[in-house]
Amino acid sequence: MQSSLPSKLHAAIIMDGNGRWAAARGLPRKTGHEAGVKAIRRTVEAAPGLGVGTLTLYAFSCDNWARPKAEVEALMRLLRHYLSREVARLVRNGVRLTVIGRRDRLPGGLAAAIGRAEEETAAGRELHLRIAIDYSAREAILSAAARIAGPEDLTREGFSRLVTGDADLRAVDLLIRTSGEQRLSDFLLWESAYAELYFTDRLWPDFGADDLAAALGTFRRRERRFGGLPAPAAAA
Ligand code: IPE
Ligand code: IPE
Ligand code: MG
């Protein structure tokens, strides 16, 4: 089973629009984040069946600390609940969970829940779910640069290992952002060098299996060239 993973796609999602989803219903932003957790569950469960082997979700950026304290606390609480309550389900579905980003600024309960969830799901082979919490791509790149130990680290492959901390990680194939915004907001800048970008107006709490399938359908119709020429010209 494990050997089938690398040939599967790496999809990454900037889960955006929780606040607007709530505002449109006259509800507090926190309720939008709660609805966003349900969308995470739907998306994670649909991913393996759609050919996704690695799914990286942007849950909280280093810049999100700038939000009001009450919203940050609500998000931290929700993430802790998700990680502790979801483990059994993840294990059942063969999902291996890892968390990327800084851990030193997270509340203790969340850091502990991350450690437990990573340990308990380590054997999952159907999907590698990566959740980005207190994450900044620029910080990940800077921290990798500070750890360069020799010439082998100064190659694309070697430096990738330092940036991602995962020698087997596939580059991002498809990067999705919901809510109509079309920007990267400091997400996976190194890993997305040749990612296909897909933007949808759907707000994250409304996102589900059909939306993921639509994004993958579009992705499969795209022609990836990686700097080369389209297939017929290359053959000529
Ligand atoms: C995404 O939704 C979740 C996080 C960034 C934590 P937002 O909270 O950014 O929702 P909008 O963009 O305000 O609608
Ligand atoms: C990006 O969304 C971060 C996450 C989805 C976790 P933001 O809502 O924070 O991004 P900006 O501020 O609109 O660029
Ligand atoms: Mg937003």
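Residues numbered from 1 in each chain as written. Chains lettered and ligands numbered in written order. Predicted model: local features only at pLDDT ≥ 70, side-chain atom pairs only at ≥ 80, totals over all residues. Heavy atoms only, no water.

Asker: Would you explain the overall build of the protein chain in this entry?
Answerer: Broken down by element type, the protein chain carries 8 helices and 6 strands. Secondary structure elements in the protein chain, listed N-terminal to C-terminal, are β-α-α-β-α-β-α-β-α-α-β-β-α-α. The C-alpha atoms of the protein chain give 18 Å as radius of gyration, which agrees with the globular expectation for 236 residues (18 Å, within 12%). With respect to the three principal axes, the spread of C-alpha positions in the protein chain is 60 × 40 × 35 Å. (Helix = DSSP H or I, 4+ residues; strand = E, 2+ residues; numbered from the N terminus. Rg over C-alpha atoms; globule rule 2.2 N^0.38 Å.)

Asker: I would appreciate a short explanation of the packing of helix α2 (residues 29–46) against helix α3 (residues 69–92) in the present structure.
Answerer: Packed helices, taken two at a time, are described by their axes: the angle between them and the distance between them. Remark: α2 packs on α3, axes separated minimally by 10 Å, with the N-to-C direction vectors making an angle of 25°. As the angle between them shows, α2 and α3 are arranged roughly parallel. Between α2 and α3 lies a crossing of right-handed hand. Along the contact surface, α2 presents Arg29, Lys30, His33, Glu34, Val37, Ile40, Arg41, Val44 and Glu45, while α3 presents Glu71, Ala74, Leu75, Leu78, Tyr82, Glu86, Arg89 and Leu90. Class assignment for the residues of the contact of α2 with α3 results in 8 nonpolar, 1 polar and 8 charged. (Axes fitted to C-alpha atoms, helices over the stretch in contact; angles between N-to-C directions. Parallel < 35°, antiparallel > 145°, perpendicular 65-115°, else oblique. Left-handed = near helix turned anticlockwise from the far one by under 90°. Contact = heavy atoms within 4.5 Å. Nonpolar A, V, L, I, M, F, W, Y, C, P; charged D, E, K, R; others polar.)

Asker: Help me understand the site of ligand 1 in this model?
Answerer: Taken together, Met15, Asp16, Gly17, Asn18, Gly19, Arg20, Arg29, His33, Ala59, Asn64, Arg67 and Leu75 form the complete shell of residues around ligand 1. Note that an oxygen atom of ligand 1 is positioned 2.9 Å from one of the backbone N or O atoms of Gly19. When ligand 1 is considered free in solution it has 380 Å² of accessible area, and contact with the protein chains removes 86% of it. Residue assignment for the shell around ligand 1 shows that the elements contributing at least two residues are α1 (18–23) and α2. Residue contributions to the shell around ligand 1 peak at 3 residues, all from α1. The class makeup of the residues in the shell around ligand 1 is 3 nonpolar, 5 polar and 4 charged. (Near = heavy atom within 4 Å. Polar contact = N/O pair within 3.5 Å; in protein donor to acceptor, adjacent residues only side chain to side chain. Areas by Shrake-Rupley, 256 points an atom, 1.4 Å probe, with all protein chains shown as cover.)

Asker: What's the story with helix α4 (residues 108–120) in this structure? I'm lost.
Answerer: Note that an α-helix has 3.6 residues per turn; residues three or four places apart therefore point the same way. In a regular helix each residue adds 1.5 Å, so 13 residues correspond to 18 Å; α4 covers 18 Å between its end C-alpha atoms and thus fits that length. Within α4, the full set of buried residues consists of Leu110, Ala113, Ile114, Ala117 and Glu118. Along α4, the residues classed as buried sweep out an arc of 130° about the axis, all on the same side. Along α4, exposed side chains directed more than 90 degrees from the buried face belong to Gly108 and Glu119. (Expected span 1.5 Å × (residues − 1). Buried < 20%, exposed > 50% of the residue type's maximum accessible area, 1.4 Å probe, protein only. Arc of directions from axis to C-beta.)

Asker: Help me out: how do you make sense of the nonpolar core in this one?
Answerer: Nonpolar side chains tend toward joint burial in soluble globular proteins. Val44, Leu55, Tyr82, Leu129 and Ile133 are the most contacted members of the largest nonpolar core, which totals 44 residues. Residue contributions to this core peak at 9 residues, all from α3. Once residues within four sequence positions are removed from consideration, Val44 is found in contact with Leu55, Leu57, Tyr82, Leu90, Val95, Leu127 and Leu129. The next biggest cluster of nonpolar side chains, apart from the first, holds 17 residues, and it includes Tyr58, Ala144, Val163 and Phe187. (Core = buried A, V, L, I, M, F, W, Y, C linked by side-chain atoms within 4.5 Å.)

Asker: Explanation requested: the packing of α3 against α4 in the structure shown.
Answerer: Viewed as axis vectors pointing N to C, α3 and α4 meet at an angle of 15°, and their least axial separation amounts to 9 Å. The orientation of α3 relative to α4 falls into the category roughly parallel. When the axes of α3 and α4 are compared, the crossing they make is left-handed. Between α3 and α4, the contacting residues are Met76, Leu79, Arg80, Leu83, Val87 and Val91 on the first element and Gly109, Leu110, Ala113, Ile114, Ala117 and Glu120 on the second. Classifying every residue of the contact of α3 with α4 gives 9 nonpolar, 1 polar and 2 charged.

Asker: Honestly, the side chain of Ser192 in this entry has me stumped. Any pointers?
Answerer: Position of Ser192 relative to the elements: it lies in the loop between β5 (174–177) and β6 (196–199). Among the residues examined, Ser192 registers a relative accessible area of 13% and is labelled buried.

Asker: Would you explain the side chain of Thr164 in this entry?
Answerer: As for its position among the elements, Thr164 is in helix α6 (residues 156–164). Thr164 sits in the buried class, given a relative accessible area of 17%. A polar side-chain atom of Thr164 sits 3.1 Å from the main-chain amide nitrogen of Asp166. Discounting residues that sit within four places of it in the chain, Thr164 has contacts with Leu169 and Glu191.

From the geometry alone we can't say anything about function, so treat these as descriptive.
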